[in-house]
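# Observations on the model geometry
Each chain is listed here by its residues.
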Amino acid sequence: MQPASAKWYDRRDYVFIEFCVEDSKDVQVKFEKSKLGFSCLGGTDNIKHHNEIELFEAIDPNESKNKRTDRSVLCCLRKADSGKSWPRLTKEKAKLNWLSVDFNNWKDWEDDSDEELSSFDRFSEMMNTMGGEDELPEVDGAEDEESADSDDEKMPDLE
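Here goes a summary of the coordinates provided. (Residues numbered from 1 in each chain as written. Predicted model: local features only at pLDDT ≥ 70, side-chain atom pairs only at ≥ 80, totals over all residues. Heavy atoms only, no water.)

## A few points about the environment of Leu 41
Keep this limit in mind: Elements are defined by DSSP. Helices are runs of H or I of four residues or more, strands are runs of E of two residues or more, and each kind is numbered from the N terminus. Here, residues are in contact when the closest pair of their heavy atoms is within 4.5 Å.
Examined against the element boundaries, Leu 41 turns out to sit in strand β4 (residues 35–42). Residues Leu 41 and Asp 23 lie 18 residues apart in sequence; the distance between their C-alpha atoms is 8.3 Å. Excluding its chain neighbours within four sequence positions, the residues that come into contact with Leu 41 are Asp 23, Ser 24, Lys 25, Asp 26, Asn 46, Ile 47 and Lys 48.

## A look at the sheet that holds strand β5 (residues 47–54)
The strands that make up a sheet are held in pairs by hydrogen bonds between backbone atoms, and each pair lies either parallel or antiparallel. Applicable threshold: For two strands to be treated as a pair, DSSP must find at least two bridges joining them. Note on geometry: axes are C-alpha line fits, over the in-contact stretch for helices, and angles between N-to-C directions span 0 to 180 degrees.
Pairing is antiparallel across the open sheet formed by three strands, whose spatial order is β3-β4-β5. The open sheet is flanked by β3 (25–31) and β5, the only strands paired with a single partner. Adjacent strand axes in the sheet meet at a mean angle of 5° when their direction is disregarded. With five bridges connecting them, β3 and β4 associate as antiparallel partners. Residue pairing for β4: Lys 30 is matched across the bridge by Gly 37.

## Description of the nonpolar core
Put simply, the test is: Grouping buried Ala, Val, Leu, Ile, Met, Phe, Trp, Tyr and Cys residues that are joined through side-chain atoms within 4.5 Å yields what is termed a nonpolar core. With a 1.4 Å probe rolled over the protein chains alone, any residue whose accessible area is under 20% of its type maximum counts as buried; one over 50% counts as exposed, and the rest are partly exposed.
Core analysis: the largest hydrophobic core is formed by 22 residues, its most contacted members being Ile 17, Phe 19 and Leu 89. Breaking this core down by element, the ones donating at least two residues are β1 (6–10), β2 (14–19), β4 and β7 (73–78). Apart from the residues lying within four places of it in its own chain, the contact partners of Phe 19 are Ala 4, Ser 5, Ala 6, Leu 36, Phe 38, Asn 51, Ile 53, Ser 72, Val 73 and Cys 75.

Here it is as structure tokens:
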């Protein structure tokens, strides 16, 4: 058994953590007020993954959701105290080798204008009306891994 590699990012009302396990099976996500438990079988070798995280702050387990794809499991944790920034995901300051910050989706929202706040309010509404675990909405400012970046252009050959 080994921990699944994961990346996370913070938003005004939610914290997102993505467990990067391809072809996951038997996915189990347990949301508790101050803890997140994740386990699954992954890959062609059916490696058993298990992560248990003591969270930095409390979450609302009933409003937290997860979505499995072929490449990962995305967990959306509803903060108990909305509008409070999380400087890290875990309660302890220890560096975990399987956990990293998702800088592609990170946004310093504390200094956002009221205009930007409305987009997060709309996102919160979408989350509240979500049905099953397979219906995570798009997040403003979040980039798909498959989207083309301007720096993905072909570089000239070196001489």
